[in-house]
Amino acid sequence: MAEDRARFEYLLRLGDNSLILGHRLSEMLGNAPALEEEMALVNVALDLIGQARLFLGYAGELEGAGRDEDALAYRRDVLDYRCALIVELPNGDFAHAIGRLFLISAFDFELYGALRESADRRLAAIAEKSLKEVTYHLRHAGEWVIRLGDGTEESHRRMQKALEDLWMYTGELFTPDALDEAMREAGIAPDLARLREGWDRRVDAVLREATLTRPAEGWMQSGGKDGRMHTEHLGYILAEMQFLQRAYPDARAW
Amino acid sequence: MYTQGLDGKIGPVREAETAEEKEREARFQARIDAEERIEPNDWMPEGYRRTLIRQISQHAHSEIVGMLPEGNWVTRAPTLRRKAILLAKIQDEAGHGLYLYSACETLGVERAELVEQLLAGKAKYSSIFNYPTLTWADVGMIGWLVDGAAIMNQVPLQRCSYGPYARAMVRICKEESFHQRQGYEIVMTLAQGTPEQRRMAQESLDRWWWPALMMFGPPDSDSVHTAQSMKWKIKRVTNDELRQKFVDVTVPQAERLGLRIPDPQLRWNPERGHYDFGPVPWDEFWRVIAGEGPCNRERLEQRRRAHEEGRWVREAALAHAEKRRLRDRAA
Amino acid sequence: MADKDWPLYEIFIRPRNGLAHRHVGSLHAPDGEMAIEMARDLYTRRGEGNSIWAVPAVAIAVSSPDDKASLFEPAEDKEYRYPTHYTIPSDVKNM
């Protein structure tokens, strides 16, 4: 039972990351730099919302308290959200939005690849499906990082700045806490430190081609995935996302 | 969607004068009459080409601007399923805009020019998208009524005489078949929900009913180019015929939901075999078309902002492609 | 002044193995690689294909409709290219 509870918490991390990043990408609708790119970003957002539904749906079943994907998405407040801080940040300019997608997709690529071996076969199946989607997200975002980095002077400057701004939010992804360790010991989740190698390799290769400089490692933000201290942005995201469910608590269906 | 035939002006077109020119036009009309499709490089009268450019580009602009009122609710969709459906639907609209710009470009006009006209406020798009989406019920109403009206308009356009437009319409109609159904499902859920949800649905129908009827364009008596467009088979059914058909199919759908259509004069006419309905407030229509709708400014402003803010990105991508070309050549 | 748009690509999609690539439409993209990604998002949202060609529209040579008569009509009167042109007794098998 304690193990189910831990797994529930772990699935919230996966589901909340997809959900909040999907939310941020969906804000790009009507605001993308080209219509063709709008199509691409919405496809990514759709994949992410789909992943969130699978992770949260499964989490709700494990919890066994009758909460489904929507109860978890729409009826939890900031204190109970478990997403990493990086997904909560506002989109910023296109360099920032696509840079974030690139860094997270590179992480998810490693993570889902490893989760395919999870002792939790249902989780492994979701990872298998999500890996295909994330492979494309990584490719698409990476292509953009290359074009912006090695594009014009302005695009290079913006892309470099986006990386500098985002970098301190990447540490949280790889720093294991007690829950990550417990999941690893149970054979459910991989060793986060091991994912780092592949991530470094992939990220460095793209940055090199993009003529961008990898930001210096320094102090890293944390507090999202363990719910200790989210950004101020999350509250606004939830206020918007949960508005209808909160304003009409008697409604049974939408 | 949305070929309201908003603006009859396509600029002065030189009439056929010489016997040779008249003969060529007659041959063209004979091909149309024989239900042949016209393809991009075929000879066509200048008026035909310009009418098509105007109609297809208005149609494309409508898809693109049409993303905005629904986009207004993407981050607030009440369930994850609804959020995914809404995203997919709006994405389809972006795609349909692109198919249509593509079709328009086969007529020898550049997309950049068409977009420029839209952003400069010189091009028209469907009046319906200048209305606000105030409640979640509006998302359902747009699917049910606006997409419903659009489908009615678009189905006959699959047989339009211009090949690329007809082909785009075939693809669009196929993809849009879920749009109306998802909207009706939303409205039905609300209509069967709590009193507050029900109120939301009825209020939304009250606001959207007349603007939806305006989507078919002005009455045939006031529609400047219906006759010529019909002759060229660019348009295959008149505005009034489509409007009547829409009313006839929609009234029973509203009854099934227990919602009231806001038209005291609406009643079945057994002699005609159609519903009679009250006068459409055309003065409102012409005002919205002229720019005095609730959201005209916001809609264009958002498109302009996205275009401006995206400029450095589009330029960077071109600059990168050029660098690559030079590197490849040097290698 | 309108912006310079990305170049136009014509998109061809193969619905599944065993079939030929078919023209589905066009789009604007900064380069070929991006054209393929954008074609994927624009033209295969419902699983319409498993292979994409993106061809710069300027690279396509097009026949002129004015040449239709000289290019294609000469093929119309050569019935002897078709098997139905020949009379073979019905008791001759395997032909």
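The present account deals with the structure reproduced in this document. Note that the structure is predicted; figures quoted are calculated from it, not measured. (Residues numbered from 1 in each chain as written. Chains lettered and ligands numbered in written order. Predicted model: local features only at pLDDT ≥ 70, side-chain atom pairs only at ≥ 80, totals over all residues. Heavy atoms only, no water.)

### A short note on the overall build of chain C
Quick note on the threshold: The secondary structure listing takes helices from DSSP runs of H or I that are at least 4 residues long and strands from runs of E that are at least 2 residues long, numbered from the N terminus. C-alpha atoms define the radius of gyration, and 2.2 Å times the number of residues to the power 0.38 defines the globule rule. To sort residues, take the accessible area from a 1.4 Å probe on protein chains only and compare it with the maximum for the residue type: under 20% means buried, over 50% means exposed, and anything in between is partly exposed. Two residues qualify as a contact provided that any one of their heavy atoms is within 4.5 Å of a heavy atom in the partner residue. All accessibility values rest on the Shrake-Rupley procedure with a 1.4 Å probe; residue burial counts only the protein chains present in the view. Note on charges: Lys and Arg go in the positive column, Asp and Glu in the negative column, and His and the chain ends are not counted at all. Just so you know, the charge point we use is NZ for Lys, CZ for Arg, CG for Asp and CD for Glu.
Per the secondary structure count, chain C includes 2 helices and 3 strands. Tracing chain C from N to C terminus, the helices and strands come up as β-β-α-β-α. At 21 Å, chain C has a C-alpha radius of gyration far larger than the 12 Å of a compact globule built from 95 residues. The dimensions of chain C, computed from C-alpha atoms along their principal axes, are 70 × 35 × 15 Å. Counting across all 95 residues of chain C, residues that qualify as buried make up 27%. Within chain C, counting contacts between residues at least 6 apart in sequence, those at least 24 apart form 43% of the total. Carbon and sulfur atoms form 56% of the exposed surface of chain C, whose accessible area is close to 6500 Å². Of note, chain C has its 11 positive side-chain charges centred 8 Å away from the centre of its 15 negative side-chain charges.

### With respect to the environment of A227(B)
Here A227(B) shows up in helix α8 (residues 226-231). According to the relative accessible area criterion, A227(B) is exposed, its value standing at 60%.

### Details of the interface of chain A and chain B
One widely used convention gives an interface's size as the accessible area the parts lose upon coming together. To be explicit about the condition: Buried area counts how much accessible surface, traced with a 1.4 Å probe, disappears from two parts once they are put together, with both parts' losses summed. Salt bridge criterion: a side-chain nitrogen from Lys or Arg within 4 Å of a carboxyl oxygen from Asp or Glu. Polar contact is defined as a pair of N or O atoms within 3.5 Å, subject to the rule that within protein one atom must be able to donate a hydrogen and the other to accept it, and that residues adjacent in sequence are counted only when both atoms are side-chain atoms.
Contacts between the two partners involve 49 residues from chain A and, on the opposite side, 47 residues from chain B. Buried surface at the junction of chain A and chain B, summed over both partners, amounts to about 4200 Å²; 67% is from carbon and sulfur atoms. Per-residue buried area on chain A facing chain B is highest for L29(A), L35(A) and W254(A); these three make up 17% of the total on that side. At the junction of chain A with chain B, the criterion picks out 4 salt bridges. Note that R324(B) and E209(A) form a salt bridge whose closest N and O atoms lie 3.6 Å from each other. Remark: the boundary between chain A and chain B carries 16 residue pairs in polar contact (both at pLDDT 80 or more).

### Some remarks on helix α9 (residues 239-257) of chain B
Residue and element names in this part refer to chain B. Rules: Here, expected helix span is obtained from the residue count minus one, scaled by 1.5 Å.
If you check α9, its first and last C-alpha atoms are 27 Å apart, about what 19 residues at 1.5 Å a residue would give, namely 27 Å. Every buried residue of α9 is accounted for by N239, L242, R243, Q244, F246, V247, D248, T250, V251, A254 and L257. Where α9 is buried, its residues contact α5 (136-157), α6 (163-191), α7 (195-214), β2 (274-276) and α10 (282-289). Looking one or two residues past α9, G258 carries a phi angle of roughly 75°, positive in sign.

### What to know about the environment of G217(B)
Positionally, G217(B) belongs in the loop between α7 and α8. Residues G217(B) and F285(B) lie 68 residues apart in sequence; the distance between their C-alpha atoms is 8.9 Å.

### Considering the interface of chain C and chain A
Listed as interface residues are 13 residues of chain C and, on the opposing side, 12 residues of chain A. Summed over both partners, the interface of chain C with chain A buries about 1300 Å², with 55% contributed by carbon and sulfur atoms. Contact with chain A buries area across many residues of chain C, yet M34(C), E37(C) and D41(C) alone supply 42% of it, more than any other trio. Note that E37(C) is salt-bridged to R139(A), the shortest N-O span being 2.8 Å.

### Focus: helix α11 (residues 233-241) of chain A
Test applied: The arc refers to the directions leading from the helix axis to the C-beta atoms.
Among the residues of α11(A), L234(A), I237(A), L238(A) and M241(A) are the ones counted as buried. Considered in projection along α11(A), the buried side chains sweep an arc of 95° and stay on one side of the axis. As for α11(A), its buried residues are in contact with α1 (2-26), α3 (69-74), α4 (85-88) and α12 (243-247) of chain A together with α3 (80-105) of chain B.

### Some thoughts on the pattern of salt bridges
In a structure, side chains of opposite charge can pair up when their charged atoms sit close to one another. A full pass over the atoms with the stated rule returns 63 salt bridges over all chains. Here K225(A) makes a salt bridge to D180(A), at a shortest N to O gap of 3.0 Å. Of this pair, K225(A) sits in the loop between α10 (192-209) and α11 while D180(A) sits in helix α9 (residues 178-185); the two residues are 45 residues apart in sequence, bridging distant segments of the chain. With respect to burial, K225(A) and D180(A) carry one shared label: buried. Among the charged side chains, a salt-bridge network with shared partners connects D92(B), R171(B), E175(B), R45(C), R46(C) and E48(C).

### Focus on the packing of aromatic side chains
The line we're drawing: Under the pairing criterion, centres of Phe, Tyr and Trp rings, with the six-membered ring standing for Trp, must be within 6.5 Å; the plane angle then separates stacked pairs below 30 degrees from edge-to-face pairs above 60, leaving the rest tilted.
Per the counting criterion, the structure on display carries 21 aromatic pairs over all chains. With 5.5 Å between their ring centres and 75° between their planes, W144(B) and Y184(B) make a pair best called edge-to-face. In this pair, W144(B) is assigned in helix α5 and Y184(B) in helix α6, connecting sequence segments 40 residues apart. Ring pairing ties together the aromatic residues F107(A), W167(A), F174(A) and W199(A), which thus form one cluster.

### Structural notes on the side chain of S18(A)
All names here are of chain A. In this structure, S18 sits in helix α1. Within the local environment of S18, its side chain forms a polar contact with the side chain of Q51, the two groups lying 3.2 Å apart. Once residues lying within four places of it in the same chain are set aside, the contact partners of S18 are L48, Q51, A52, F55 and Y112.

### Focus on unusual backbone geometry
All names here are of chain B. If you check the backbone angles, E35 has positive phi at about 60° while not being a glycine. Inspection of the secondary structure assignment puts E35 in the loop between α1 (19-33) and α2 (46-71). By relative accessible area, E35 is classed as partly exposed at 38%. Within the chain, K233 stands out as a residue other than glycine whose phi angle is a positive 60°. Mapped onto the fold, K233 is located in the loop between α8 and α9.

### With respect to the sheet that holds strand β2 (residues 22-28) of chain C
Residue and element names in this part refer to chain C. So the rule is basically this: For two strands to pair, DSSP has to find at least two bridges joining them. To obtain each axis, a line is fitted to C-alpha atoms, and for helices this fit is confined to the stretch in contact; angles are then taken between N-to-C directions over 0 to 180 degrees.
Spatially, the 3 strands line up as an open sheet ordered β2-β1-β3, and their pairing is antiparallel. Strands at the two margins of the open sheet, each flanked by one partner only, are β2 and β3 (51-56). Pairwise comparison of adjacent strand axes, ignoring direction, gives a mean angle of 30° for this sheet. Judged from the 6 bridges that link them, strand β1 (residues 8-14) and β2 form a sheet pairing that is antiparallel. Considered in β2, the bridge of F12 is made with H23. Running over the sheet, helix α1 (residues 32-43) touches β1, β2 and β3 and is turned about 115° from β2.

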